[in-house]
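Listed below are the residues making up each chain.
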Amino acid sequence: MLRMRLTLLLAISFACAIGILNLPASAEVQHKSGSGESSEYRFPKASHTGSLSCASASCHASSGSVRAGSEYTTWVNSDPHFRAYSVLLDPPSRRIAEKLKLRKPAHESQLCLNCHAPSALTAPKAVLNRPTLPGVGCEDCHGPAEKYLSTHYQDDFKRLTRTEKAEAHGLFPTKDLSFRVRMCASCHVGDASREVNHDMIAAGHPRLAFEYTGYHHSKKYTRHWEESAYGPDFEARAWEIGQVASARSAVALTVHRAERAKAQRDPWPELAEYSCYACHRDLKAGESWAPVVQSSRTPGSLPWGTWYFSTADPAIGNVETIQKEVAEMSRLMENPSRDPRLVAQRGKQLIVHFDARLRHLQNSADANSRSHPYAAADIQKSISAIARHGLTDDGTKFRNLDWDGATQHYLAIAAHYYSWAEVDASSRDPRLRQPLADLNGLLEFPKLYNSPKGHDPAQILKLFQKLRTDTSDPHGTR
Amino acid sequence: MKPFFVRMFAALAISASLLASIAWIEGPQGNAQEPKQPAVNGNFESLSAIHCIGCHGGPDTPAYKAYSQKEGARPPRTDFILLTEYHTWKNDDIHSEAHKNIEPKLSADGKPANLAGKMQEILSKSPARVGKDYHVDSAAECLTCHAVDRRPGPVSSPALAAGDRFNRETGVSCEACHGLVSEEWIGQHIQRGWREQKPEAKLKSGQIDLRDPHTKAMKCASCHIGNKEEGKFVTHEMYAAGHPPLPPFELVTYSRDQPRHFIANRDNKALKAMEAKLQANFHYRPDEMQDTHDFAVGTLAAFEATMKLLAEDAKSTAESGNLLDFAHFDCFACHHDLKIENESRKPRPGVVPGRPVMRPWATETLQVVMEPGAKKDDGGKAKIELKTLMTRLTDSFNVRPFGDPNSVAKEATALAKWCEQAKADILRVKYTREESINLYRGLAKHLSTLRTDGVYLDHDTAQQMAWGLVVIQEELSGLKKESPALDQVVRLRLRGTERETVEKRLTSRYEQIYGFKRDSFLDAADGFLKAFDPK
């Protein structure tokens, strides 16, 4: 089992993973856009029954973890979503609310509760203030239970398709990865009603940097389910779909912000969409990425979308039109103030492309993951493509990336390497293990820092070069 | 074109023969003819610094010998003017390296071997320059500050680089600050009546009135802060390509460490011996602490230059629809590693967290300089106005990330205008010993407020304040004050005695900036203040 990438993910995201994952009370918010794609579901109106209604010992609250029946227990004991509300009572949250000059403390502010505890929005004031109040609960991800609570354990229900379960009973189709990731993203990336912007980050909220496969593998997160709908190539499929779905959510948020930008009080450009560490680093020689990167940007301009789009190309699968659109969007966003409407227009086109791609990837996963999963050779090819994508054609430098991009490429290769073991452990190339483990260490933030202080881009480059060389020569003939 | 040294010797010979028959040593009173040329900057044909060397070239030149050692001259001629100016500039003043420092060097394998080489490599790959033949040592936007500009004006078209516009041979030499040397000036300034002429008359023949601290500070600031009308602006793109960050500015410190190639007014025996009417031509104010006065004027000028640059650039930004150039912002508000302990730091007053802030150093000591003090007659009106206008400027930066260029332009213009009145206010103050002590104590008080406020304080602001403290304390005590503790936190001298490469200076500056600790600074400043109690 490869666990190396988990620690890194904790470093980049754990503070922010402390409980965020839900869907708004009306699920329509998220799925209004796009037209007729496979991930669009029409949910019935239904009300919430509360997490406790799932907690019967004979249903979801038996002891243990992962095992079917122990979901509620796992959530309470080892899922940070459970504690998403209580963190709002901690001193850092109080400080954030003060700096943002919120009218109410964090645990009463809609801005915070939207993600941290949607059910608390309607809870009586007497209940608030208690650290035991659950944060993101069952129904925030699985849908309001009114219509499925008494039906979902019956045999008839189990025979329904996931679309039927969703549209007739309001059970969210979490087994549809393209839906699931976008649901995670509604908080972990942001959407029209929820976002973590640069003002909030400056006030102390951790940066959001969502990468699906990394998140559900986080050491501090224990899954309460098994991926029974997918085959051994789950990890590789989840990475692809996760990348496109996250990029789709990110660009939808950009569009939303661009359209809102007319009112001057709304921040535009939104600095949270740019590479944090392009600006936030000590300007000392030796720690700069510049010498090891071939960049097509204007020096000193703002690098946009470095987290959500740096590995979008290989995930999209070399569809040139989409790649061009992404590049054009990045170029626009380098100096985005001229005309936000243009950004919104471009972004909308991109969403259409992403949706089509998502539909394609999800259909393929549904049809093949269990019956014809990716073979070891496919996985090997993907790793090779990702390694090549990060570097220039001659392999001497990185191509347009910094810590964000390097980390995304690393996570992508790690996900595939993991998948390779599941698909065919015996053929997995052992030469990749060490550079991946080393990268994990090098990319990690040091203690007491929220940025890659003291990292060594030249050394990181060397490891990527090794990965590139080894994967372009699968049989180790050299 | 003849090589530089050939022309230099030719010039030396001319100057020497000129001196032999020079009018103002023996001859009749020079006639103070009104020069014909209008006093428009840039209308003079530059004759280049080589024409200055003959007389100002130092002890080894014949002119120096002929003039300074003239028998019977009492007091010695060099009481007023040193005649070693060129020598000092050439040997001790890094302005003489200004062009050399932007000449790219490449190593044998074609890789950049110095900062200029690195900047050239990065800038020529920038999308706007790809495919163009770009050289930092001949690009107009570099030469406006790294050479002598014969036709000062905006860098409208960088493609029309250099050509005849710039004299690149001598870096930032005499003419860059004193004005372009015209035949008229050369002829006239060696006439006996020259010193009696008013600065305005001298300006008409091209000589800029650098004896006026405000004019001088604005001249320094045109490069050391920026001046868009003269095409001088270090953009964020240049910084990103490697240009060292411009340090804060303090007039007396900059003059002292240049080092001075002239006699400071307080040491100028000839000036002191003049009648009061003539002394005014040189802005000499007897019975005043000149350094303290210059510090106050220089502080205002630095702010004025900052506001003018900001206003100019914000105006063109508003037209183009771009973001305000990041060079206007506090570099180190963004450029630092994200320490978790910083999260509990108090934000600066009036600043919205997450919205980049303007470079703050030019505003901090200005508040103290504008304290009512001797300006009691206006009841501190100027200071109150400053506060109101600054709040409005801060708000226009807060509106959205990187500010709203339209309102930034408007507020910065208002502040630049405020500076005109403020200048008159400062000039009304007589910086007697008592008044200097007031200002000194004002700075001390401001520092103790900073301690109790607990708000963010950046290295550059601290450094500019420390420079002011040192300048005033040295003048009050009459002693050169060494303060290793304070010097360790913020370098008190602009550079050491040894000449170091740009790269080395840059590295040590970054060490200072990133090693800066607010509390260590306040402690060291406390110690510095305690070591001397002015009476």
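Calculation notes
- Residues numbered from 1 in each chain as written.
- Chains lettered and ligands numbered in written order.
- Predicted model: local features only at pLDDT ≥ 70, side-chain atom pairs only at ≥ 80, totals over all residues.
- Heavy atoms only, no water.
- Helix = DSSP H or I, 4+ residues; strand = E, 2+ residues; numbered from the N terminus.
- Buried < 20%, exposed > 50% of the residue type's maximum accessible area, 1.4 Å probe, protein only.
- Contact = heavy atoms within 4.5 Å.
- Areas by Shrake-Rupley, 256 points an atom, 1.4 Å probe, with all protein chains shown as cover.
- Core = buried A, V, L, I, M, F, W, Y, C linked by side-chain atoms within 4.5 Å.
- Lys, Arg positive; Asp, Glu negative; His and termini not counted.
- Salt bridge = Lys/Arg side-chain N within 4 Å of Asp/Glu carboxyl O.
- Buried area = accessible area lost by both parts, 1.4 Å probe.
- Polar contact = N/O pair within 3.5 Å; in protein donor to acceptor, adjacent residues only side chain to side chain.
- Nonpolar A, V, L, I, M, F, W, Y, C, P; charged D, E, K, R; others polar.
- Disulfide = S-S within 2.5 Å.
- Axes fitted to C-alpha atoms, helices over the stretch in contact; angles between N-to-C directions.
- Parallel < 35°, antiparallel > 145°, perpendicular 65-115°, else oblique.
- Left-handed = near helix turned anticlockwise from the far one by under 90°.
- Phe/Tyr/Trp six-rings, centres within 6.5 Å; stacked < 30°, edge-to-face > 60°.
- Lys NZ or Arg CZ within 6 Å of the ring centre and 35° of its normal.
- Expected span 1.5 Å × (residues − 1).
- Arc of directions from axis to C-beta.

Engineer: An account of the overall build of chain A is needed here, citing residue identities and associated values.
Structural biologist: Scanning chain A for helices and strands turns up 20 helices and 2 strands. Counting across all 478 residues of chain A, residues that qualify as buried make up 55%. Counted over contacts in chain A with a minimum sequence separation of 6, partners at least 24 positions apart contribute 76%. As displayed, chain A offers around 20,300 Å² of accessible surface, 52% of which is attributable to carbon and sulfur atoms.

Engineer: Give me the lowdown on the overall build of chain B, citing residues and values where you can.
Structural biologist: Check the secondary structure of chain B and you find 25 helices and 2 strands. Buried positions account for 54% of the 535 residues belonging to chain B. Partitioning the intrachain contacts of chain B with sequence separation of at least 6 by distance along the chain shows that 76% fall at a separation of at least 24. A total accessible area of about 24,400 Å² is found for chain B, and carbon and sulfur atoms account for 55% of it.

Engineer: Break down the nonpolar core for me, citing the residues and quoting the values.
Structural biologist: Phe354(A), Phe398(A), Phe464(A), Phe303(B), Leu393(B), Trp418(B) and Phe521(B) are the most contacted members of the largest nonpolar core, which has 177 residues in total. With 13 residues, the single largest contributor to this core is helix H16 (residues 290–320) of chain B. Excluding residues within four positions of it along the chain, Phe464(A) makes contact with Leu391(A), Phe398(A), Ala406(A), His409(A), Tyr410(A), Ile413(A) and Leu439(A).

Engineer: Can you break down the side chain of Asp294(B) residue by residue, with the values?
Structural biologist: All names here are of chain B. Residue position: Asp294 is located in helix H16. Although Asp294 is buried, it makes no salt bridge; Lys216 carries the closest opposite charge, 5.6 Å away. Setting aside its immediate chain neighbours within four residues, Asp294 contacts Pro213, Leu251 and Val252.

Engineer: Requested: an account of the interface of chain B and chain A, with residues and values cited.
Structural biologist: Contact with chain B, which involves 36 residues of that partner, is made by 37 residues of chain A. Summed over both sides, the interface of chain B with chain A buries roughly 3,400 Å², with 56% coming from carbon and sulfur. Taken together, the links from chain B to chain A amount to 2 salt bridges. Residue Asp199(A) pairs with Arg355(B) through a salt bridge whose shortest N-O separation is 2.5 Å. Counting the contacts that link chain B with chain A gives 12 residue pairs in polar contact (both at pLDDT 80 or more). Mapped by element, the contributors of at least two residues to the side of chain B that touches chain A are helix H12 (236–241), helix H17 (331–334) and helix H24 (502–515) of chain B. When grouped by side-chain class, the residues that make up the side of chain B that touches chain A number 19 nonpolar, 9 polar and 8 charged.

Engineer: Which residues make up the state of the cysteines, and what are the values?
Structural biologist: Structurally, a disulfide amounts to a covalent bond that connects the sulfur atoms of two cysteines. One pass over the structure, following the stated rule, counts 0 disulfides over all chains. Sulfur of Cys52(B): no disulfide; nearest cysteine sulfur belongs to Cys174(B) and is 3.9 Å away.

Engineer: How would you summarise the packing of helix H22 (residues 459–477) of chain B against helix H25 (residues 518–530) of chain B if you had to cite specific residues and measurements?
Structural biologist: Between two packed helices, what matters for the description is the angle formed by their axes and the separation of those axes. Residue and element names in this part refer to chain B. Two elements in contact, H22 and H25, have axes separated by 12 Å at closest approach and are oriented at 5 degrees. As judged from the angle between their axes, H22 and H25 are roughly parallel. Residue-level contacts link Ala462, Ala466, Leu469, Val470 and Gln473 of H22 to Phe521, Phe528 and Leu529 of H25.

Engineer: Residues and numbers for the packing of helix H18 (residues 361–369) of chain B against H22(B), please.
Structural biologist: Residue and element names in this part refer to chain B. In the contact formed by H18 and H22, the axes pass within 8 Å of each other and the chain directions differ by 40 degrees. Relative to H22, the element H18 is oriented oblique. As H18 packs across H22, the resulting crossing turns out to be right-handed. Across the interface between the two elements, Trp361, Glu364 and Thr365 from H18 touch Asp460, Thr461, Gln464 and Met465 from H22. Its residues assigned to classes, the contact of H18 with H22 comprises 2 nonpolar, 3 polar and 2 charged.

Engineer: Before we move on, could you go through helix H6 (residues 115–124) of chain B and cite the residues and values that matter?
Structural biologist: Looking at H6(B), one finds that the buried residues are Leu115(B), Ala116(B), Gly117(B), Met119(B), Gln120(B) and Leu123(B). Among the structural elements, H12 and H24 of chain B are those in contact with the buried residues of H6(B).

Engineer: Before we move on, can you summarise the side chain of Thr306(B) with the specific residues and values?
Structural biologist: All names here are of chain B. Looking at the secondary structure, you find Thr306 in helix H16. Looking at Thr306, the relative accessible area reads 17%, which means it is buried. Non-local contacts of Thr306, meaning those with residues more than four positions away in its chain, are made with Ile225 and Ala362.

Engineer: Can you tell me about the pattern of salt bridges, naming the residues and giving the values?
Structural biologist: Charged atoms that come close allow side chains of opposite charge to pair. For the structure shown, the criterion picks out 47 salt bridges over all chains. Its salt-bridge partner being Glu273(A), residue Arg257(A) comes within 2.8 Å of it at the nearest N-O pair. With Arg257(A) in helix H12 (residues 234–260) and Glu273(A) in the loop between H12 and helix H13 (276–279), the pair connects residues that are 16 residues apart, well separated along the chain. In this structure, Arg257(A) and Glu273(A) share a single accessibility class: buried. The shortest N-O distance in the salt bridge between Lys125(B) and Glu121(B) comes to 3.9 Å. Here Glu121(B) falls in the partly exposed class, since its relative accessible area comes to 35%.

Engineer: Run through the packing of aromatic side chains, naming residues and quoting values.
Structural biologist: Residues and elements named next belong to chain A. For the structure on display, the rule yields 32 aromatic pairs over all chains. Where Tyr277 meets Phe445, the ring centres are 5.7 Å apart and the plane angle is 75 degrees; that geometry is what we call edge-to-face. Here Tyr277 is found in helix H13, whereas its partner Phe445 is found in the loop between helix H19 (433–443) and helix H20 (457–471), with 168 residues between them in sequence. Through successive ring pairs, a cluster of aromatic residues spans Tyr41, Phe43, Phe172 and Phe179. Its guanidinium or amino end placed over the ring of Tyr417, Arg428 lies 4.0 Å from that ring's centre, counting from NZ or CZ.

Engineer: Explain H25(B) to me, and be specific about the residues and the numbers.
Structural biologist: Residues lying three or four places apart along an α-helix face the same way, a consequence of the helix completing one turn every 3.6 residues. All names here are of chain B. With 13 residues, H25 should cover 18 Å at 1.5 Å per step; its first-to-last C-alpha distance of 18 Å lies within 8% of that length. The complete set of buried residues in H25 reads Arg518, Phe521, Leu522, Ala524, Ala525, Phe528 and Leu529. Seen end-on, H25 carries its buried residues on one side only, within an arc spanning 165 degrees. Turning to H25, the residues buried within the fold contact helix H21 (433–453), H22 and helix H23 (484–489).

Engineer: Please give an account of unusual backbone geometry that cites residues and values.
Structural biologist: Residue and element names in this part refer to chain B. Cis geometry marks the peptide bond from Gln258 to Pro259; its omega dihedral reads -5 degrees. The backbone of Leu83 shows a phi angle near 65 degrees, a positive value even though the residue is not glycine. Considering the arrangement of structural elements, one finds Leu83 in the loop between helix H4 (62–68) and helix H5 (85–92). By relative accessible area, Leu83 is classed as buried at 5%. Even without glycine at this site, His283 takes up a positive phi of about 55 degrees.

As far as function goes, none of this settles anything; it's purely spatial.
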